[in-house]
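Results of the structural survey
Spelled out from the first residue to the last, the chains are:
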Amino acid sequence: MVNEEKTVSVEEELDLGALSKEVDKFLEDLEKHIRISIIGSKAIDKLEDFTLDVGLKKTYLCAKNTEESYPILAKVIELFIKVYGATITMYPKGEKVCLELITPKRE
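Predicted model only: the values in this text are computed from it and were never measured.

How each quantity is defined
- Residues numbered from 1 in each chain as written.
- Predicted model: local features only at pLDDT ≥ 70, side-chain atom pairs only at ≥ 80, totals over all residues.
- Heavy atoms only, no water.
- Salt bridge = Lys/Arg side-chain N within 4 Å of Asp/Glu carboxyl O.
- Helix = DSSP H or I, 4+ residues; strand = E, 2+ residues; numbered from the N terminus.
- Buried < 20%, exposed > 50% of the residue type's maximum accessible area, 1.4 Å probe, protein only.
- Pairing = 2+ DSSP bridges.
- Axes fitted to C-alpha atoms, helices over the stretch in contact; angles between N-to-C directions.
- Contact = heavy atoms within 4.5 Å.

**Focus on the pattern of salt bridges**
Pairing is possible between side chains of opposite charge, provided their charged atoms come close. Under the defined criterion, the tally for this structure stands at 3 salt bridges. For the salt bridge of glutamate 100 with lysine 58, the shortest nitrogen-to-oxygen distance reads 3.3 Å. One end of the pair, glutamate 100, is in strand β4 (residues 96–102); the other, lysine 58, is in strand β2 (residues 58–64), with 42 residues separating them in the sequence. Looking at lysine 58, the relative accessible area reads 34%, which means it is partly exposed.

Shown next as structure tokens:
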């Protein structure tokens, strides 16, 4: 007698749309946490034309490369190191200057 196996596609087994929404929600919550508690909403609002890209392992904060950006980025670095003691990498990227931060774990 031959065993009949039921073939199930990956999409049927996993709800990829729901999984994607959960990941997006997690990253949004993490970004809010980073904006408010680590970078400080007042400091980040003073930056012109900035982007904040939050990932599971690293977070990138890029701002327009102007004289006004450096004191704000220095404050971000100071706060981040004070809270997490992590290493931060600062580098130029075209017309922007970027900080590479280790994404902190939420407690």
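What follows picks up the thread again.
**Things to note about the sheet that holds β4**
In spatial order, the strands read β1-β2-β4-β3; together these 4 strands make up an open sheet with antiparallel pairing. Whereas interior strands pair on both sides, the edge strands pair on one side only; in this sheet they are β1 (51–54) and β3 (89–93). Each strand axis lies, on average, 20° off the axis of its neighbour in the sheet, ignoring direction. Sitting on the sheet, helix α4 (residues 69–84) is in contact with β2, β3 and β4, with an inclination near 5° to β4.

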